[in-house]
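Report on the structure
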Amino acid sequence: MNNKHLTPDGLTGYIYCTLDDAEREIMDAHLIECPTCRANLTEQELWKRQISNEVGMVLNFSALSSQMSFSAIAPQLQNRHIRQNIWLDRVILVPSTLALSGLVFALFGLWRVIDAQAFTSPAQQLGAFPPLACFFLTLASVEQFDHSLSLQPRRVISWAVAVILWLGSAFIGLLDLIVLRDLAIMAVIAMDGRNATAGPIAILTVLLGAMLYIGFIIGGAEYHYKHIGQSGSWKLFSITLLVQLFILILPYLIW
Amino acid sequence: MKNLEVLIERWRAGDQRAAEHIYNQHREQTFRLAYGLLGNTEDAEEAAQDAFTYALLHINHFAAQKSKFTTWLYMITLSRSRDILRKRRPPTFSLTAWLRNRQSPLVSRSGPEQRIAENEIRHSVWNAVQDLPPALREATILRHWSGLTYQEIAEITGCALKTAQSRVRLAHQKLVQILGEVDFQQSAEETR
């Protein structure tokens, strides 16, 4: 509500009953005293009724052709077997397999890095596992675009795939930190030629990277939790993983 | 609907006649929803048939304790309609085709001039709805025609509850803005 009258948002919220009780009470109190807003409200209610009537008239009298019949789809129903075990269905197997493959590759990549002590030693090649992980995880997220959360058991699968994608991107994020640290060291040595400054630069890069990493992990988790199953969440996963993949292959592009 | 539950169980057991009954019970509603989203009969029938094929083949995915069968079917229809919209150019609305396809309207004891005015109003509103962005059009059709709750709209369209509410409100504001440029509200008053 602006200083004097109800806003268009407020009026439409009122007629479409999207306001909470407190907002509605405030508006009711204002409407009692304001004839201008009462007139505006009546006008909006007339529009609403008009839209409903006309849309209803068009749709309720729209004609189907005779081709839209059960016999047109019956052959497909006869030839296909209704899968009794839904967990073997394509809509479940495909995203699950892709996501799990990506997570396994990410874990392998991380294990290899820990085994090679790459967190403390510079310029270790990370191998093919991390990029493969990014590839499979990105495919899993892209596959989920525009799939409704509520088509059972899509809700369970969406949750599972989202958790796997978040874990996978968290693991790959650690590997990205190593890459960025090594790139910073190489950049300092290339510009400065003195190894002595490379150490502090590496520490600084890791610290800044770690702060960003923690921020993305926590912020990303909150965003995905609120928007789980929605296309925005899957798209953010895809963008995150593609950026992580780019960072992983950056050394190969530069060297 | 107990009858529907029985039909679904029979279809899960393999009785194709049950599938046919399910189809016939929901055929018109499903087509009309698709027609509202796509704006032409051919696309609407394709979307509706695809939706039925998917729903009947994946009947084991339907959980009655989570949602109504109609809600589930509408979700699938919406998904198929979106696929068609993505693949094809935006549908155009043909007044001639609509006038040819429609059955007699419910109204009107009024004279020919009033019927022409009513048709113009209907054409304007329908065109305005079809010109809405897809997300707002979906919300408008589901709210105004299907009469679904916001929770059901959110479930069907795959968005949050608040998003569904704001889409309905935004769609109304856009429609009023478009239709307000056409001075037909006065005509609507006169034809009552």
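Above: the structure in question.
Residues numbered from 1 in each chain as written. Chains lettered and ligands numbered in written order. Predicted model: local features only at pLDDT ≥ 70, side-chain atom pairs only at ≥ 80, totals over all residues. Heavy atoms only, no water.

**Description of a nonpolar patch on the surface**
The grouping of Phe-246, Ile-249, Tyr-252, Leu-253 and Ile-254 of chain A at the surface amounts to a nonpolar patch, some 510 Å² of accessible area in total. Summarising the element assignment, Ile-254 of chain A is placed in helix H9 (residues 231–254). (Patch = residues over 30% accessible without salt bridge, like charges linked within 9 Å, V, L, I, M, F, W, Y side chains within 5 Å. Areas by Shrake-Rupley, 256 points an atom, 1.4 Å probe, with all protein chains shown as cover. Salt bridge = Lys/Arg side-chain N within 4 Å of Asp/Glu carboxyl O. Helix = DSSP H or I, 4+ residues; strand = E, 2+ residues; numbered from the N terminus.)

**Digging into helix H6 (residues 129–143) of chain A**
Residues three or four positions apart in an α-helix share a direction because the helix packs 3.6 residues into each turn. Taking 1.5 Å of rise per residue, the 15 residues of H6 of chain A would be expected to cover 21 Å, and the 21 Å separating its terminal C-alpha atoms lies within 8% of that figure. Taken together, the buried positions of H6 of chain A are Pro-130, Ala-133, Cys-134, Leu-137, Thr-138, Ala-140, Ser-141 and Glu-143 of chain A. (Expected span 1.5 Å × (residues − 1). Buried < 20%, exposed > 50% of the residue type's maximum accessible area, 1.4 Å probe, protein only.)

**Overview of the packing of aromatic side chains**
All names here are of chain A. Within the structure shown, the criterion is met by 13 aromatic pairs over all chains. Measuring from centroid to centroid gives 5.5 Å for Phe-135 and Phe-136, while their planes differ by 75 degrees, and the two rings are edge-to-face. The partly exposed category is assigned to Phe-135, whose relative accessible area is 45%. Given the relative accessible area of 21%, Phe-136 is considered partly exposed. Centroid distance Trp-234 to Phe-237: 6.2 Å. Interplanar angle 35 degrees. Geometry classified as tilted. Of this pair, Trp-234 and Phe-237 both sit in helix H9, three residues apart, which is roughly one turn of that helix. Ring pairs connect the aromatic residues Phe-105, Phe-108, Phe-129, Phe-135 and Phe-136, which therefore count as one cluster. Positioned above the aromatic ring of Tyr-16, the side-chain terminus of Lys-48 is 5.0 Å from the ring centre. (Phe/Tyr/Trp six-rings, centres within 6.5 Å; stacked < 30°, edge-to-face > 60°. Lys NZ or Arg CZ within 6 Å of the ring centre and 35° of its normal.)

**A closer look at the pattern of salt bridges**
Residue and element names in this part refer to chain B. Counted by the stated rule, this structure contains ten salt bridges over all chains. Here Arg-10 ties to Asp-15 by a salt bridge, and the two come within 2.9 Å at their closest N and O atoms. Among the residues examined, Arg-10 registers a relative accessible area of 33% and is labelled partly exposed. Among the residues examined, Asp-15 registers a relative accessible area of 19% and is labelled buried.

Structural measurements only, silent on function.
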